[in-house]
Amino acid sequence: KMSRALANERAQLAASGVIAKDSPATVRDAVTDFLDRARGRLRNRTVLTYERDLATFAAFLETAGVPRLEKLSPVHVVVFREEAASQRRGHIVSGGRRGERKTGEARRAPATVNRLLSSVKAFLMDARRHGRTPLLDRDAITDRLTRLREPRPRPVILRSAELRTLLEAALRHDRETFRVTRLEHDGLKLAGTTPRYDPIAPLVLTALLSGCRISELLTLRWENVHLVPPKSGEMI
């Protein structure tokens, strides 16, 4: 009865134009469709985060016997959140094969779990808007993907020497490069010129000089930056 009901509801949604008749057949197809549409409007880094996190979600649903989003129930979402919150932190095996990882004893950091939950929530909200999750409404998704509580460290006021040490550490971070990458190994780039990390020193320096919160810095746009102080009485 449930399968017939889902099929009827899917047909009605397709007929009304809420979803396309050829909407993704499996969870992985739905993930691929979501990522393809996200690439046109989101940063590459955000899309890569979605891709990694949603691969974890799709693998969980396959193990749980949920090949299609139409069969995804609130119970499945609850179980996924509980498993995500209880996962152990992995680390690279010293002296092992390339990329070999081992699960440790410590649990994953709340921030890491919350990033995963946010990615899944964005995906399910998008699927709901397209009529692909008849068993899930907005409240079912939001209530069952609540974020873990993250510890809030107390702010520490740094002295001049500590600020200098912080900036020097940020610059050392930005100078780190891979020993050799595939492009460098193939002779397409000079060996040791590929940065290992995204640069952080400009962000650290801007935070120290401006006093902005991190949320303000991450949303700052060039049109809001005034390098020349305004004249007396001039509106900003």
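I will try to describe carefully the structure that is included in this document. (Residues numbered from 1 in each chain as written. Predicted model: local features only at pLDDT ≥ 70, side-chain atom pairs only at ≥ 80, totals over all residues. Heavy atoms only, no water.)

## Some remarks on the overall build of the chain
Link 1 in the chain: Secondary structure summary: the chain contains 10 helices and two strands in total.
Link 2 in the chain: Ordered by position in the sequence, the α and β elements of the chain form the string α-α-α-α-β-β-α-α-α-α-α-α.
Link 3 in the chain: Surface summary for the chain: the accessible area is close to 17,200 Å², and the carbon and sulfur share equals 54%. (Helix = DSSP H or I, 4+ residues; strand = E, 2+ residues; numbered from the N terminus. Areas by Shrake-Rupley, 256 points an atom, 1.4 Å probe, with all protein chains shown as cover.)

## Thoughts on the pattern of salt bridges
Any two side chains of opposite charge can pair, so long as their charged atoms come close to each other.
Link 1 in the chain: According to the stated counting rule, one finds 11 salt bridges in the structure shown.
Link 2 in the chain: With a closest N to O distance of 2.9 Å, Arg39 and Asp36 form a salt bridge.
Link 3 in the chain: By relative accessible area, Arg39 is classed as partly exposed at 42%.
Link 4 in the chain: On the accessibility criterion, Asp36 (47% relative accessible area) is partly exposed.
Link 5 in the chain: In this structure, the salt-bridge partner of Asp53 is Arg115, at a minimum N-O distance of 2.8 Å. Remark: Arg115 occurs in helix α5 (residues 110-129) and Asp53 occurs in helix α3 (residues 44-63); sequence separation between them is 62 residues.
Link 6 in the chain: The exposure class assigned to Asp53 is buried, which follows from its relative accessible area of 2%. (Salt bridge = Lys/Arg side-chain N within 4 Å of Asp/Glu carboxyl O. Buried < 20%, exposed > 50% of the residue type's maximum accessible area, 1.4 Å probe, protein only.)

## A look at the side chain of Thr194
Link 1 in the chain: Tracing the sequence through the fold places Thr194 in the loop between α8 (182-185) and α9 (201-210).
Link 2 in the chain: Using a relative accessible area of 14% as the deciding quantity, one classes Thr194 as buried.
Link 3 in the chain: Those residues in contact with Thr194 that lie beyond four places of it in its chain are Glu176, Thr177, Phe178, Thr181, Glu184 and Lys189. (Contact = heavy atoms within 4.5 Å.)

## Let's talk about the nonpolar core
Link 1 in the chain: Residues Leu72, Phe123 and Leu124 are the most contacted members of the largest nonpolar core, which totals 31 residues.
Link 2 in the chain: Sorting the residues of this core by element identifies α2 (27-38), α3, α4 (74-86), α5 and α6 (138-144) as the ones contributing at least two each.
Link 3 in the chain: With eight residues, the single largest contributor to this core is α5.
Link 4 in the chain: With residues up to four places along the chain from it excluded, the contact list for Leu124 reads Phe57, Leu69, Leu72, Val77, Leu136, Ile141 and Leu145. (Core = buried A, V, L, I, M, F, W, Y, C linked by side-chain atoms within 4.5 Å.)

## Things to note about the packing of helix α7 (residues 160-175) against α9
Link 1 in the chain: Their axes nearest at 8 Å, the elements α7 and α9 cross at an angle of 160°. Considering their axes alone, α7 and α9 lie roughly antiparallel with respect to each other. Contacts from Leu163, Leu166, Leu167, Ala170, Leu171 and Asp174 in α7 reach Ala201, Pro202, Val204, Leu205 and Leu208 in α9.
Link 2 in the chain: Here the residues of the contact of α7 with α9 are counted per class, giving 10 nonpolar, no polar and one charged. (Axes fitted to C-alpha atoms, helices over the stretch in contact; angles between N-to-C directions. Parallel < 35°, antiparallel > 145°, perpendicular 65-115°, else oblique. Nonpolar A, V, L, I, M, F, W, Y, C, P; charged D, E, K, R; others polar.)

## What to know about the packing of aromatic side chains
Link 1 in the chain: Enumeration according to the criterion identifies five aromatic pairs in this entry.
Link 2 in the chain: Measuring from centroid to centroid gives 5.6 Å for Phe34 and Phe123, while their planes differ by 75°, and the two rings are edge-to-face. With Phe34 in helix α2 and Phe123 in helix α5, this residue pair connects regions lying 89 residues apart in the sequence.
Link 3 in the chain: Classification of Phe34 by relative accessible area gives buried; the value is 2%.
Link 4 in the chain: Judged by relative accessible area, Phe123 falls into the buried class, the value being 1%.
Link 5 in the chain: Between Phe57 and Phe123, the ring centres sit 6.3 Å apart and the planes meet at 75°, which makes this aromatic pair edge-to-face. Of this pair, Phe57 sits in helix α3 while Phe123 sits in helix α5; the two residues are 66 residues apart in sequence, bridging distant segments of the chain. (Phe/Tyr/Trp six-rings, centres within 6.5 Å; stacked < 30°, edge-to-face > 60°.)

## Focus: α3
Link 1 in the chain: Compared with an ideal rise of 1.5 Å per residue, which puts 20 residues at 28 Å, α3 spans 29 Å between its outermost C-alpha atoms and is within 8% of the ideal.
Link 2 in the chain: Buried residues of α3: Val47, Thr49, Tyr50, Asp53, Leu54, Phe57, Ala58, Phe60 and Leu61, and no others. Projected down its long axis, α3 shows its buried positions confined to an angular sector of 160°, all on one face. Within α3, the exposed residues directed more than 90 degrees away from the buried face are Asn44, Arg45, Leu48 and Thr63.
Link 3 in the chain: Considering only its buried residues, α3 is in contact with α2, α4 and α5.
Link 4 in the chain: A positive phi of about 75° marks Gly65, the residue just after α3. (Expected span 1.5 Å × (residues − 1). Arc of directions from axis to C-beta.)

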